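# An overview of the molecular structure
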Amino acid sequence: YQRRGWPHFESECAMLKAMWGDEVLDIGRCETGARHLDKGWPLSSEGMNMLVNANLERMDGSTFGICAVPLRPVFTPKAFAKSLEDKVFTNAGDVETITQQYNDMFDLYANSIETLHLSGLEWGDYEVEKFAQCLPHLRYLRELNLTNNEITELGAG
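Residues numbered from 1 in each chain as written. Predicted model: local features only at pLDDT ≥ 70, side-chain atom pairs only at ≥ 80, totals over all residues. Heavy atoms only, no water.

### Quick notes on the overall build of the protein
Each helix and strand counted, the protein has 8 helices and 2 strands in total. Expressed as a percentage of the 157 residues in the protein, the buried residues total 32%. Summarising the internal contacts of the protein: among those between residues at least 6 apart in sequence, 81% fall at separations of at least 24. Accessible area for the protein stands at about 9,900 Å²; split by element, carbon and sulfur atoms hold 52% of it. (Helix = DSSP H or I, 4+ residues; strand = E, 2+ residues; numbered from the N terminus. Buried < 20%, exposed > 50% of the residue type's maximum accessible area, 1.4 Å probe, protein only. Contact = heavy atoms within 4.5 Å. Areas by Shrake-Rupley, 256 points an atom, 1.4 Å probe, with all protein chains shown as cover.)

### Comments concerning the pattern of salt bridges
Considering all chains together, one arrives at 2 salt bridges under this definition. For Glu-85, the salt bridge identified is with Lys-82, shortest N-O distance 3.5 Å. You can call Glu-85 exposed: its relative accessible area is 62%. (Salt bridge = Lys/Arg side-chain N within 4 Å of Asp/Glu carboxyl O.)

### Here we look at the confidence of the model for the protein
Averaged over the protein, the pLDDT score is 82; the fraction of residues at 70 or greater is 74%. Here helix α2 (residues 36-39) is the element of the protein with the lowest mean pLDDT, 47, and helix α5 (residues 77-83) is the one with the highest, 97. Segment residues 32-38: pLDDT under 50, and 13 contacts once partners within four positions in sequence are set aside and those in other chains are kept. (pLDDT = per-residue confidence, 0-100.)

### Some words on helix α6 (residues 94-110)
Within an α-helix, residues lying three or four positions from one another point in the same direction, as the helix has 3.6 residues per turn. If you check α6, its first and last C-alpha atoms are 24 Å apart, about what 17 residues at 1.5 Å a residue would give, namely 24 Å. Among all positions of α6, only Asp-94, Ile-98, Thr-99, Tyr-102, Met-105, Phe-106, Tyr-109 and Ala-110 are buried. For α6, the angular spread of the buried residues around the axis is 135°, confining them to a single face. Opposite the buried face of α6, by more than 90 degrees, sit the exposed residues Glu-96 and Leu-108. Buried residues along α6 sit in contact with α1 (5-19), α5 and β1 (115-117). (Expected span 1.5 Å × (residues − 1). Arc of directions from axis to C-beta.)

Quick look at the structure:
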């Protein structure tokens with residue numbers, strides 16, 4: 001699932017929405033606390049139905065806490081295109097389609113964001129370096145808050 005192109009695209013678009021301030025949940029992250037990415041998805045429809053029912057019965061604040069997608073730096077359009085090189089597509093023409101769609105969504109994001117509060121995300125030097133690649137695209141950014149992260153002098157330089 002993680003090697004497929006369309007889910008990768010959807011995940012990255014969700015992260016752009018999260019950077020805009022929207023809430024992004026991944027219901028697949030919870031099964032009474034277990035992470036599906038670690039365990040794998042149920043193979044049978046019966047197993048999937050049991051999983052869905054278990055999640056529906058436990059939809060409360062703790063479920064949403066587990067399902068909240070941690071905010072991470074978004075890809076620039078160039079980095080996104082590169083990230084597709086190892087992804088699998090049924091139709092090879094989809095690569096061009098989703099590359100253009102991601103570029104369009106990124107441009108909407110980059111041309112509208114004025115304030116970013118990225119405090120307390122436990123970002124380190126790697127995340128800040130990746131995020132810094134986006135800064136030239138954020139033409140209207142006036143305020144950026146990166147306090148309470150784990151950025152060293154190396155990452156700040």
